[in-house]
Amino acid sequence: MRNIMNILFTSFTAFAALVGCGVFIAIFTVIFYRGLPAISFEFLTDQIRVAGASGGIIYNLIGTLILLVSALLVSAPLAIGIALMQTVFLNNGALKKRLELLLYILNGVPSILFGIFGFIVFVKYLGLGKSWLTGGFLLGMMILPTVTIALIERIRSIPKKYLEAATGLGLRKSQIIFSVILPQSMSGLTTGSLLGLARAAGETAPIMYTATIFAGATIPTGIKESPVLALPYHIFVLAQDAFAPAAIQNLWGAALVLILLVFMLSIFVLPLRLKIHEEAHHA
Amino acid sequence: MLFQNKSPIALYSWFSTVFLLGSMGMFLFVFVYQSIPGLAHSKLSFITGDVWYYRSELFGAGAMILGTLLVAWVGLLIAVPIGIGAAIFTSEILPAKLRILVKITIELLAGIPSVIYGLLGVLFLRNWVYKLLTPFDPLSGDTVLTAGLLLGIMILPTIMTMADDALRNVPAAQRLAARGLGLNRAETICLIVLPQARAGIMAAILLAFGRAVGETIAVFLVIGRQDNRWPESLFSLRPLFEAGQTMTSKLGGSEVNIAYGDTLHWGAMMSLGLVLLIIVGLVTHLSARLIKCGAVHA
Amino acid sequence: MPDLNTCMTPILQTHQLSVAAGERQILRDINLCIPTKQLTAIIGPSGAGKSTLIKCFNRLVEYVPSIRVNGDVLFHGQSIYKPSVNADQLREKIGIIFQQPVVFPKSILQNVIFGVSRLGHIPKKQWHEVAEQALTDAALWTEVKDRLHEPALCLSVGQQQRLCIARTLAQCPEVILLDEPTSALDPKSTEAIEHAIENLKGRKTIILITHNLGQARRLADWVACISTRHGVGELVECDLCEALLTKPKSAEVIEFIKSRRREEQISPMMAS
């Protein structure tokens, strides 16, 4: 009897793991299989024509790239400052807990609310209209917790002996930061940023009211009234309205490009991040 | 204490933290401030009222709140058993090398953008659910059930990774002692490991719930976006098989553009956002507390 | 090395037992006989592989990552590594006590009968009786009889260790493996546990890893010494307790006894 339960239990958990992996493989395979025919050099370098039924997604890629770069420029510097505050400057345990809690709360805020917030403050109140800068800023704030926490975990895993040696040599806190902490934790910043950007690349809700339109934008020339195209929004719109087979084909192609973009951003950092995560939790 | 360190880097850290706090504060303020007209108008019926018809200035979000909870509930129903089961398998049963492979696969699953899930829902899941529900005579495949199923897959990685963490935090000595007594693997996991990982697993479920509540794009695409679907009885399964509306799908739709400018209507929309913020804030707070509790016991 | 004739029915035997973990060889060609219902002490320098050795007896060694076990271990003359052998059932009969006490976050009573209650061999109405007997044998009953439902984590370290012993005894194992059970404890707890072990001699087969030669002398019938030769643990000598400790034959044992004597003279308390 006990043996039977043991076998049933093991089978159930194995089945669950199989489902989890199977779903992923199924999703990726479907997108790959359906999207690959659409991918061609023209697809990647031409602009949208006929509302997506033909042409390519070059400006969507450029738009997404612009959004990602601005998100990075917003989140990375802030992440460094906040991470240092949490690990170096703040000494009160209760305050540290609160700061970390705030980061987790920010991480859990629904992305649509970022979009609406941006809509009210930037698009309407500040009169910027739809702007790539707003989108970049909102995405940057959205991924800020991811980047910051990855950096914090990396800083925490710096062996104490380095810090003790530096203090023993008489270095001030700021010197220790620049000579030991920052250089050693850069990998954490990189992994956190890449993971954050992987998430930002696929987000639609923060940008759909604030930064992006479906067609008509190329490369923005200013900040006010300068929307960009974006890959996820493109897919979002077409998913609702596309019926022509050619458009559907291109839709799959766009989806494949997006998923590959996200994977490329995360595939290199995942093993490293898993390792840091393990070290931080099981040290 | 606070201004001891006058170095530029310290000031910069302070600035960054204050910026974070300020932004979050302003975020909250905007939502609260803008929802006041809406809440003042509807008062309690905002939550309890089940009719949302902006043309008659009726803003009862009850059906939407129910929709949100139903969708999250279905999602959890799928994700929790599979997620915890998969976590048990990877952390307790699988050898180390395969473990990393499975973890990477699940993390990649977590990274798939919601719009892609939405796309797959529109092009596949919708039809499957439609066929599945033919005995119930559905209007289309866009139902609360569809959204829930999609959400279940989306939050599966969250539960899996956090449950895996919680299980790994239970000390190895506990397992050895149990095996040393002659208990088999299933007994060791169920009687010793899982009870000690309880806090972390509950935190995982809470966090997944938070994600499910806040998900917009995928739900928007497959839920049908029909207001005021209030069931005759709260226990009937009927709403699952019909189109519905969640707070997020409302906020992701065209009514946002219509509402702007009209203080009352916009206030009501923003109140939806406020409710979402409160739910997410509570859930995250509780979840963080549980993780700390679990860590202390380990 | 005692041969099979002088062993008087060995309950456990190893044949050319070798253990490696990953790249590192831990034990090589161990041929050891454990006589029934007697106490065999295993001594030797730290890191020689003593813990690994006794974990081979109940196959708990399998949970060390990348472990490879060659050779054989016989229990009642049957190999325990045969595929038909159920390792869980084996561990019901061969119990183990670790160096650090591992109590479950439950009540004292629940801890003691934890194995018993799951294994199903003993009916529920006898559980309390079994618990009382086990706690008495572990020299803990008088201290906990009035608070059986309190959390086990409230006990002192010494009491927790005795609780672990009671938990193992409740299952009536034939063999009890003890991995330095008193090295983390104060002298009073050590004494209590040595007392408990002494009471078990003659009823159970006991294998005791100890760093304390005094303890070995007090309790052991046989002593085996595992020491490193060329970086790998080997069985260097095994003999009756008196014989090995007063007239050791191999160089490693002589050296080990000398070093332990020094330490135990300097601080008999610490050497416990």
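Look up a bit, the structure's there.
Just so it is clear, the model here is predicted, and its values are computed rather than measured. Throughout this document, residue positions are counted from 1 along each chain, in the order its sequence is written. A letter from A marks each chain and a number from 1 marks each ligand, given out in the order of writing. Under the rules for a predicted model, residues below a pLDDT of 70 receive no local features and side-chain atom pairs below 80 are neither given nor counted, while totals for whole chains, interfaces and linings still include all residues. Side-chain measures were taken over the full set of non-hydrogen atoms in the model, leaving aside hydrogen atoms and water.

Engineer: Residue-level account of the overall build of chain C, with values.
Structural biologist: Along chain C, the regular secondary structure elements total twelve helices and eleven strands. Radius of gyration here is computed from C-alpha atoms only, and the compact-globule reference equals 2.2 Å multiplied by the residue count raised to the power 0.38. A compact globule built from 272 residues would reach a C-alpha radius of gyration of about 19 Å, and chain C, at 18 Å, matches this within 12%. In terms of overall dimensions, chain C has a C-alpha envelope of 50 × 50 × 35 Å along the principal axes. Long-range pairs, those at least 24 residues apart, make up 67% of the contacts in chain C with a sequence separation of at least 6. Using a 1.4 Å probe, the Shrake-Rupley method yields the accessible areas, and only the shown protein chains count as cover for residues. For chain C, the accessible surface area stands at approximately 12,200 Å², while carbon and sulfur atoms represent 52% of it. Think of it this way: any DSSP run of H or I at least four residues long counts as a helix, any run of E at least two long counts as a strand, and we number them from the N terminus. The criterion used for residue contact is that any of the two residues' heavy atoms lie within 4.5 Å.

Engineer: Would you mind going over the pairing of strand E8 (residues 175-179) of chain C in detail, with residue names and values included?
Structural biologist: Residues and elements named next belong to chain C. Whether a residue is buried, partly exposed or exposed follows from its accessible area with a 1.4 Å probe, protein chains only, as a fraction of its type maximum: under 20%, in between, or over 50%, in that order. Within E8, five of the five residues are buried, which leaves the element mostly enclosed by the surrounding structure. Burial of E8 is two-sided: the residues Val175, Leu177 and Asp179 facing one way and the residues Ile176 and Leu178 facing the other way are all buried. Whether two strands pair comes down to DSSP finding at least two bridges between them. One ladder, built from four bridges, connects strand E7 (residues 94-97) with E8; its direction is parallel. The partner of Gly95 across the bridge, within E8, is Ile176. If you view a crossover with the strands going away from you and the path from the first strand over the helix to the second runs clockwise, you call it right-handed. You can see the chain leave E8, run along helix H9 (residues 187-200) and come back into strand E9 (residues 205-209), and the turn it takes is right-handed.

Engineer: Please give an account of the interface of chain B and chain A that cites residues and values.
Structural biologist: Listed as interface residues are 83 residues of chain B and, on the opposing side, 80 residues of chain A. Just to be clear on terms, a salt bridge is a Lys or Arg side-chain nitrogen sitting within 4 Å of an Asp or Glu carboxyl oxygen. Our count for the chain B to chain A interface comes out at one salt bridge. A salt bridge links Arg2 of chain A to Glu187 of chain B; its shortest N-O distance comes to 2.6 Å. Here a polar contact means two N or O atoms within 3.5 Å. Within protein one must be a hydrogen donor candidate and the other an acceptor candidate, and residues neighboring in sequence count only if both atoms are side-chain atoms. For the pair chain B and chain A, the number of links is nine residue pairs in polar contact (both at pLDDT 80 or more). Looking at which element gives the most residues to the side of chain B that touches chain A, the answer is helix H1 (residues 8-42) of chain B, with 17 residues.

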